[in-house]
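Working through the structure, step by step
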Amino acid sequence: MEVDKVVCLPRLSRVAVCGGTHGNELSGVYLVRELLKEEKKAMEEEEEEEKPVSVVLVLSNPWAIQQCRRYVKTDLNRCFTHASLNGPLSDSAPYELIRSKELNTLLGPKGSPEAVDLVCDLHNTTANMGLCLIAYSDCDWICLHTFKHLQASTSNIPMRYIHFDVPKEESYSLDSVGKHGFAMEIGPQPHGVVRLQIPLFCLFRFYFSGTIIEGGFVDVFTMVKHIDYPRDSETHNIIAAIHPQLQDRDFCLLHPEDPLFQTFSGETLRYKGKEPLYPFFINECAYYEKGIALSLARKRRVMIPCKGTL
Amino acid sequence: MSAYKNSVCFNEARRVAIFGGTHGNEMSGVTLVNLWVKNSAEIQRKGVETKPFIANPKAVEKCTRYVDTDLNRAFSPENLSAPGGDDLPYEVQRAQEINRIFGPKGSPEAYDVIFDLHNTTSNMGCTLILESSKDHFNLQMMNYIKKAITPASCLVLLNEHPLLKYSTSRSVAKHPVGLEVGPQPQGVLRSNIFEAMRVILKHALDFIELFNEGMEFPPCTVEVFWVSERIDYPRDANGNIIAMVHPNLQDCDWEPLNPGDPMFQTFDGKTIHYQGSGTVYPTFINEAAYYEKQQAFVTTRRETLVASAIRKA
């Protein structure tokens, strides 16, 4: 295999950085606000640097940000399917549906040549996941090289690449609006709190540097399935919590018969799958309503060739 | 007859309430109370009527801290006597209803004890919250609980500050006891936090049973962290936060903060240092719900209170 052969990356000329797609995930909100301040300052000082690249900074869901809530009427990050974006808007359309179309106009249209080259969407999770890059693809060189570069420049936080194997036509999140895109998820952080800073600054130099980028491998975690909490058949309320031996053990291999949940009467419920899988999004607050206590992934190694830009 | 001089007598504590969901997204209390509403065997004690109660059902249903206004700040005399019925904010109406059921606040008919269950995103561990330094019944209860859970720890936070004290839902009772366990994100249920809260309540109810049976509790000392000052985040002219709690301070609830120690870190990496005149003990560090209340953390000072011997009247 010609791992040493250099293949050229398409040049990135428009990159979008989005924060506050969920209004209470504050790392992205604060980062984008700071970047907007710096951008304003640079404009006022009339810095006339030749910029080969434009960065579009977006606070995706301003109403939810103002209220410090995940969303106002409906989850914005599920509103970017082709059907939602191209469908008609009724008078009573939820706020987020209207906003998704605005964002599609600003950063897309999704699927067209006018769309931005890359959407980087910033999120937080209450799960102990460290820093994760989440993408629909396991072979998009931009996503993979971004990940490798982040890994090389960030030593104080564990990093993983998560792959949601969803076909392009069915993609639903904000990052699917650009020609390329990924979500950056950092945790654990309670919603409504800012603790963790996203190491984004190193990325800009990387994208626009025009240097040769080394190849290598990336361990990709491909999502296989979700597991819901055990629930009361009548009230649908949860009747168990994530087991203490599983809590905070994102990406530690879960074997058949390992503890999964502990009921409120102290009983242990065990993992009944046949295949050992990697759990993640363990006890993510926002997923209680989506019926997800944890997600499970398979891990495999993906080789990527060296890249350079034109 | 008492074995101790200056022993204080209290009536038997016959009516006790356990409030969950005063804040609708603090899940340990919500889950425990729902459990006990279904099956109260675990909280029954001889001679005591123990009522589990969801304080803010609308907020619980939406898994949000509150709907119109913070219920745990709503029990002021003005609110409790405000006319207006349905036009009042939901939580003010609810406060009046709670005052009718468990109060009236300040009257002989009020419930003897209310335990109010809370979670915090701060790394506070198990914390008991006291509203009066002169409540010897509560001081003795807290001493009992601390001894019962040793070597695990449970600290006592005393909020008697004239300006920072607020009108809590539990303040309707003669002996209000706040129970704050963290760290836990809002809307999340963590097994270890849930169990810790459950154990503390068990010991609290045991204490009440023993007291009602006639046990006399000898004088004791209780170390408390006395609320001193509220410190806000540094903000810009528009009121936006411009710095985070410094990594050296994050999660260091109850540890000494000395003048000159790092306190905040701006988003471009500069450190802001604590400028107080002496060592303080910060807590409620980076509590999510307090961003809107202009509070990054509170400072406390360590004091030792002396509790008189107590027995039932």
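Not measured: the values here are computed from a predicted model. (Residues numbered from 1 in each chain as written. Chains lettered and ligands numbered in written order. Predicted model: local features only at pLDDT ≥ 70, side-chain atom pairs only at ≥ 80, totals over all residues. Heavy atoms only, no water.)

This part takes up the confidence of the model for chain B. The predicted model of chain B averages 95 in pLDDT, with 100% of residues at 70 or higher. For this predicted complex, the interface score ipTM comes out at 0.89, while the overall pTM is 0.92. (pLDDT = per-residue confidence, 0-100.)

In this complex, chain A contributes 25 residues to the contact, which on the side of chain B involves 27 residues. Contact between chain A and chain B buries roughly 2,300 Å² in total, counting both sides, with carbon and sulfur atoms accounting for 54%. Run the count over chain A and chain B and you get four salt bridges. Note that D251 of chain B and R195 of chain A form a salt bridge whose closest N and O atoms lie 2.8 Å from each other. The interface formed by chain A and chain B holds 10 residue pairs in polar contact (both at pLDDT 80 or more) in total. For the side of chain A that touches chain B, the secondary structure elements donating two or more residues are α1 (26-44) and β9 (240-242) of chain A. Considering each element in turn, the side of chain A that touches chain B owes the most residues, five residues, to α1 of chain A. Taken together, the residues of the side of chain A that touches chain B break down into 12 nonpolar, seven polar and six charged. (Contact = heavy atoms within 4.5 Å. Buried area = accessible area lost by both parts, 1.4 Å probe. Salt bridge = Lys/Arg side-chain N within 4 Å of Asp/Glu carboxyl O. Polar contact = N/O pair within 3.5 Å; in protein donor to acceptor, adjacent residues only side chain to side chain. Helix = DSSP H or I, 4+ residues; strand = E, 2+ residues; numbered from the N terminus. Nonpolar A, V, L, I, M, F, W, Y, C, P; charged D, E, K, R; others polar.)

Take the UniProt feature "active site" (unreviewed entry) in chain B next. Residue and element names in this part refer to chain B. The sites that UniProt annotates as "active site" (unreviewed entry) are E180. Examined against the element boundaries, E180 turns out to sit in strand β7 (residues 175-182). With residues near it in sequence (within four places) discarded, E180 still touches E26, H118, N119, T120, M124, G125, C126, T127, I129 and F284. (UniProt positions renumbered as here; feature names shortened; annotations may be inferred.)

Quick look at the nonpolar core now. Counting 69 residues, the largest nonpolar core has L294 of chain A together with F115, F137, M141 and I208 of chain B as the members making the most contacts within it. The leading source of residues in this core is helix α6 (residues 191-212) of chain B, at 10 residues. With near-sequence residues (within four places) excluded, I208 of chain B lies in contact with A13, V16, V48, V113, F115, F137 and M141 of chain B. (Core = buried A, V, L, I, M, F, W, Y, C linked by side-chain atoms within 4.5 Å. Buried < 20%, exposed > 50% of the residue type's maximum accessible area, 1.4 Å probe, protein only.)

For the rest of this paragraph, the subject is the packing of aromatic side chains. All names here are of chain A. Counted by the stated rule, this structure contains 30 aromatic pairs over all chains. Ring geometry for F221 and Y278: centres 5.2 Å apart, planes at 80 degrees, overall edge-to-face. Of this pair, F221 sits in strand β8 (residues 216-227) while Y278 sits in strand β12 (residues 278-280), and the two are 57 residues apart along the sequence. Y278 shares its class with F221; the two are buried. (Phe/Tyr/Trp six-rings, centres within 6.5 Å; stacked < 30°, edge-to-face > 60°.)

What follows covers a positive patch on the surface. There is a patch of like positive charges on the surface, built from R69 and K73 of chain A together with K58 and K62 of chain B. Structurally, K62 of chain B can be placed in helix α2 (residues 57-62). Since its relative accessible area comes to 56%, K62 of chain B is described here as exposed. (Patch = residues over 30% accessible without salt bridge, like charges linked within 9 Å, V, L, I, M, F, W, Y side chains within 5 Å. Areas by Shrake-Rupley, 256 points an atom, 1.4 Å probe, with all protein chains shown as cover. Lys, Arg positive; Asp, Glu negative; His and termini not counted. Charge placed at Lys NZ, Arg CZ, Asp CG, Glu CD.)

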